[in-house]
Amino acid sequence: MPMKLFKCDESIPEREKHIYIKEKGEDTTQFLPSAHVETIPGSLSERGCSYCGAKLVIGGVLKDTIQLIHGPVGCAYDTWHTKRYPSDNGNFQLKYVWSSDMKEQHVVFGGEKLLKKAMLEAFAEFPDIKRMMVYTTCSTALIGDDIKPVVKEVEKELGDVDIFTVECPGFAGVSQSKGHHVFNMGWMTDKVGTFEPEITSPYTINVIGDYNIQGDTFVMEKYMEKMGIQIIAHFTGNGTYDSLRGMHRAQLNVTNCARSAGYIANELKKKYGIPRIDVDTWGFDYAKEGLRKIGAFFGIEDRAEAVIAEEVAKYESKLEWYKERLSGKKVCIWTGGPRLWHWTKALEDDLGMHVVAMSSKFGHQEDFEKVIARGEEGTIYIDDGNELEFFEVLEMVKPDLVLTGPRVGALVKKLHLPYVNGHGYHNGPYMGFEGAVNMARDMYNAIYSPLMKLAQYDIRGEQMKTVISEEKRKFKESKVQQSKFVDITSTEPLAVLESSKLDTQPLLIPDNQPLLQENEVQQSKSIDITSTEPLVVLESSKLDTQPLLIPDNQALLQENEVQQLKSIDIKSTEPIAVLESSKSDTQPLLIPDNQPLPQWQQIGSNFSAFLDQLPKYLGSFSTEYQMPIICFATIITATIAVKIILAVLDVINEIPQLNLVFELTGIGYLIWFVFRYLFKASTRQELAAQISFIQKEIVEGQD
């Protein structure tokens, strides 16, 4: 079928080229969504900028490098601490953010001096850190700041530092993918081959395109260590600046995220002849396939099989438990780019789920070609999706779960649909065998959590008002019935209803479940009280913290109390607890409308009403007497200012010889003024002109 135009996109018909629904027998090469092109104006893109693709995704993950952003502070803040990229050195890269903090004056007059000052300050504050990356932003690129000469000055001045420049402002490309490309190519050109790593194994690799989201890299490191393989460089999860400079010494490039780091893998192959293997490390079957590829390259298949057997023995039974409960569930994947084709088959083959919709923020057409080839018929594929399209897709496919980022996740939660953070994870890592179980666990917890169902009840609506009104009515009826059957002959107070510790949250009781009190009524019918001790007819020791919402077709608690009281013969002179709740919170009783409030409550109510109206009284008073208040405040302020000035002058006068200094200064200035302006006619005319200009500026308001 042709490409799909959603109803919400009727005013932007160009969006039809970006949406495709797969059908049987179609040639996917003829129906690939248009991707990696400029965002259509008005379509409310979810994309990130090019600068973000360089700094947030790749460079900012390094664990031993100062990441200095040359631009307004907002560009630094927006790309700081927004993804879970841990490291084994105390998470240095997550703790700090550096910015030249450009202001308007720097945009007007240039920010190169400010940049140099910021770089020197950063190195001074962190004397143990000798590596830095400097990023341009939209502001600095637009005014033409040339950062490379500044970097060379700082390197020459400090001597023992190494600095990498990333000139990729936010407007440079159609999405953050441009930032990936610029960083990859710049690093390959400027830094690779400038450092010699220590080789400790006959088998060496670079892990490219893994950013250690919640510890993914640690999982890969564990597998490689068991196989006896040395990782020269991580590009860039838990990586170091210098290890990336030594990438040319690896024997194999293992590429995980081909979209963000495939560029440098290709360049390493061209320049140094290092082969590239692409692996999928999410999912059981993909993890097995990836380890076997690496083992086969080095001829150590037996080591790879040993690792696979060990990990499968640990986690396969756990994954099967989740598969039984997740099989058949529908899921949407709305992430960046390659996660679509990494996760699609993993979820469908490992867990029996159905991926019904996919959206990519920065994927290229080759990414869509891969994911469409792996996807099921009827699945929706969207490039550069927006919120209105997401709403329409959710209505079409009605998924059980959405894998997306926090921004779209907030939208999804408002619709009472569960989501799992596909960008930063909920409880990772998600890579490898244990990661597949972690991901399945998070999806299971999201889908089967009761919170989403409870959230649909709006206690502000008419439903809650009806429930409260009905409870009040039945409460009055129950009180009348109680008074007909209770004969009080004791001089002690009677506790008809005691609630010592009622919790403050309503309990949601499904319509198809009988109330607990119906059973208690049957129990109370056979009780005859002849004892002189207090009677506990109903004791509820541990009430939950949820409010009780009683449907109209269910009996209320008070109706059961009436039945209890009918069978009770009260002869004791002690207080009787007809209903006692020993461990419930202090929730107040509903007072009938015709019963007057106690005096202390009336006083409290009047005082509360006065406090509510107090801001209104103060506002009207200040409006009515605005001018007298301003005049009075001005007089008081002027008086205080004069007092302070006089006190300061008194203190200055008490300083020895200071009066003489001021007098000599005044005499000197007077002599200078006479010689400067009064001796010659031309200078007198100049003085007169200045006085005339100042007069016009003050009196007439001329600039």
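Residues numbered from 1 in each chain as written. Predicted model: local features only at pLDDT ≥ 70, side-chain atom pairs only at ≥ 80, totals over all residues. Heavy atoms only, no water.

Draft legend 1. Spotlight on the overall build of the protein. Helix and strand counts for the protein come out as 26 helices and 16 strands. Sequence separation of 24 or more characterises 75% of the internal contacts of the protein that already satisfy a separation of 6 or more. Summed over all atoms, the accessible surface of the protein reaches about 37,300 Å², with 56% contributed by carbon and sulfur. (Helix = DSSP H or I, 4+ residues; strand = E, 2+ residues; numbered from the N terminus. Contact = heavy atoms within 4.5 Å. Areas by Shrake-Rupley, 256 points an atom, 1.4 Å probe, with all protein chains shown as cover.)

Draft legend 2. Layout of a nonpolar patch on the surface. On the surface, L660, L664, I667, I671, F675, L678 and F679 cluster together into a nonpolar patch covering about 720 Å² of accessible area. With respect to the helices, strands and loops of the structure, L678 is situated in helix α25 (residues 658-678). Looking at L678, the relative accessible area reads 37%, which means it is partly exposed. (Patch = residues over 30% accessible without salt bridge, like charges linked within 9 Å, V, L, I, M, F, W, Y side chains within 5 Å. Salt bridge = Lys/Arg side-chain N within 4 Å of Asp/Glu carboxyl O. Buried < 20%, exposed > 50% of the residue type's maximum accessible area, 1.4 Å probe, protein only.)

Draft legend 3. The arrangement of the sheet that holds strand β4 (residues 131-136) in detail. An order of β3-β2-β4-β5 is seen for the four strands of this open sheet, with the pairing classed as parallel. With partners counted over all chains shown, the strands left at the sheet margins are β3 (98-99) and β5 (162-166), one partner each. Pairing between β4 and β5: five bridges, direction parallel. Bridge pairing links M133 to F164 in β5. Relative to β5, helix α7 (residues 147-158) is tilted by about 175°, and along the sheet it contacts β2 (66-70), β4 and β5. (Pairing = 2+ DSSP bridges. Axes fitted to C-alpha atoms, helices over the stretch in contact; angles between N-to-C directions.)

Draft legend 4. The arrangement of helix α14 (residues 339-351) in detail. In this model, α14 (13 residues) spans 17 Å end to end at C-alpha, consistent with the 18 Å of a helix rising 1.5 Å per residue. α14 sits mainly inside the fold: eleven of its 13 residues count as buried. Residues of α14 that are buried include every one of R339, L340, W341, H342, W343, T344, A346, L347, E348, D350 and L351, and no others. Where α14 ends, the next residue or the one after it, G352, has phi of about 70°, a positive value. (Expected span 1.5 Å × (residues − 1).)

Draft legend 5. Geometry of the pattern of salt bridges. Within this structure, the stated rule accounts for 31 salt bridges. With a closest N to O distance of 3.5 Å, K116 and E157 form a salt bridge. Pair noted here: K116 is in helix α5 (residues 112-125) and E157 is in helix α7, with a separation of 41 residues, a long-range link. Overall, the relative accessible area of 24% leaves K116 in the partly exposed class. Among the residues examined, E157 registers a relative accessible area of 49% and is labelled partly exposed.

Draft legend 6. Representation of unusual backbone geometry. The step from F235 to T236 runs through a cis peptide bond, and the omega angle for that step is 5°. Within the secondary structure, T236 sits in strand β7 (residues 230-236). With an omega of 5°, the peptide bond running from G428 to P429 counts as cis. As for its placement among the helices and strands, P429 is situated in the loop between β14 (419-421) and α18 (432-448). We note that H416 has phi near 60°; this positive angle belongs to a residue other than glycine. Within the secondary structure, H416 sits in the loop between α17 (406-414) and β14. The exposure class assigned to H416 is partly exposed, which follows from its relative accessible area of 35%.

Draft legend 7. Quick peek at the sheet that holds strand β10 (residues 330-335). Read across the sheet, six strands follow the order β1-β12-β11-β10-β13-β14 without closing on themselves; strand pairing throughout is mixed. Sheet topology places β1 (19-21) and β14 at the edges, where each strand pairs with a single neighbour. Across this sheet, the average inter-strand angle for adjacent strands is 15°, counted without regard to direction. α17 rests against β10, β13 (401-404) and β14 of the sheet, and its axis sits at about 165° to β14. Docked against the sheet, α18 engages β13 and β14, running at close to 130° with respect to β13.

Draft legend 8. A look at the confidence of the model for the protein. Per-residue pLDDT for the protein averages 82, and the proportion of residues at 70 or more is 79%. Here residues 485-594 is modelled with pLDDT under 50, and outside its nearest four sequence neighbours on either side it reaches 155 contacts, counting other chains as well. (pLDDT = per-residue confidence, 0-100.)

Draft legend 9. Representation of the packing of aromatic side chains within the structure. The final tally for this structure, using the stated rule, is 30 aromatic pairs. Ring pairs connect the aromatic residues F164, F183, W187, F235 and Y241, which therefore count as one cluster. The ring of W321 has R325 sitting right over it, with the charged end atom 3.6 Å from the ring centre. Between R676 and the ring centre of Y677, over which it is positioned, the NZ or CZ distance is 4.4 Å. (Phe/Tyr/Trp six-rings, centres within 6.5 Å; stacked < 30°, edge-to-face > 60°. Lys NZ or Arg CZ within 6 Å of the ring centre and 35° of its normal.)

Draft legend 10. Structural context of the nonpolar core. Counting 97 residues, the largest nonpolar core has F183, W187, M224, L347 and M443 as its most contacted members. Among residues more than four places away in sequence, those in contact with M443 are L326, L347, L351, M353, L401, L403 and V420. (Core = buried A, V, L, I, M, F, W, Y, C linked by side-chain atoms within 4.5 Å.)

Draft legend 11. Structural view of the side chain of N238. Topologically, N238 is positioned in the loop between β7 and α10 (241-245). For N238, a relative accessible area of 5% translates into the label buried. In terms of polar contacts, N238 uses its side chain to reach the backbone amide nitrogen of D88, at 3.0 Å. Apart from the residues within four sequence positions on either side, N238 is in contact with V61, K63, S87, D88, N212, T217, F218 and E221. (Polar contact = N/O pair within 3.5 Å; in protein donor to acceptor, adjacent residues only side chain to side chain.)

Draft legend 12. Quick peek at α7. Compared with an ideal rise of 1.5 Å per residue, which puts twelve residues at 16 Å, α7 spans 17 Å between its outermost C-alpha atoms and is within 8% of the ideal. Buried within α7 are the following residues: I147, V150, V151 and V154. Projected onto a plane normal to the axis of α7, the buried residues spread over an arc of 100° and lie on a single side. More than 90 degrees from the buried face of α7, the exposed residues found are K152 and K156. Turning to α7, the residues buried within the fold contact β2, α5, β4 and β5. A positive phi of about 85° marks G159, the residue just after α7. (Arc of directions from axis to C-beta.)

Draft legend 13. Fine view of the packing of α5 against α7. Taken N-terminus to C-terminus, the directions of α5 and α7 make an angle of 35°; their axes are 10 Å apart at the nearest point. For the crossing formed where α5 meets α7, the hand is right-handed. Taken together, the residues of α7 that come into contact with α5 (itself represented by E112, L115, K116, M119, L120 and F123) are I147, V150, V151, E153, V154, E157 and L158. The residue makeup of the contact of α5 with α7, split by class, is nine nonpolar, no polar and four charged. (Left-handed = near helix turned anticlockwise from the far one by under 90°. Nonpolar A, V, L, I, M, F, W, Y, C, P; charged D, E, K, R; others polar.)

Draft legend 14. Structural context of the environment of A122. Structurally, A122 is set in helix α5. Exposure remark for A122: the relative accessible area of 5% places this residue in the buried category. In this structure the C-alpha to C-alpha distance between A122 and S100, which are 22 residues apart in sequence, comes to 9.8 Å. Beyond its immediate stretch of four places on either side in the chain, A122 contacts I66, W98 and M132.

Draft legend 15. Region of interest: the packing of helix α8 (residues 177-190) against helix α11 (residues 258-272). At their nearest, the axes of α8 and α11 sit 8 Å apart, and the two run at 25° to each other. In terms of their interaxial angle, α8 and α11 are classed as roughly parallel. Judged by the sense of rotation from one axis to the other, the crossing of α8 with α11 is right-handed. When α8 is examined against α11, the residues S177, H180, H181, N184, M185, W187 and M188 are found in contact with a partner set consisting of R259, S260, A261, G262, Y263, I264, E267, L268, K271 and Y272. Its residues placed into classes, the contact of α8 with α11 shows eight nonpolar, six polar and three charged. (Parallel < 35°, antiparallel > 145°, perpendicular 65-115°, else oblique.)

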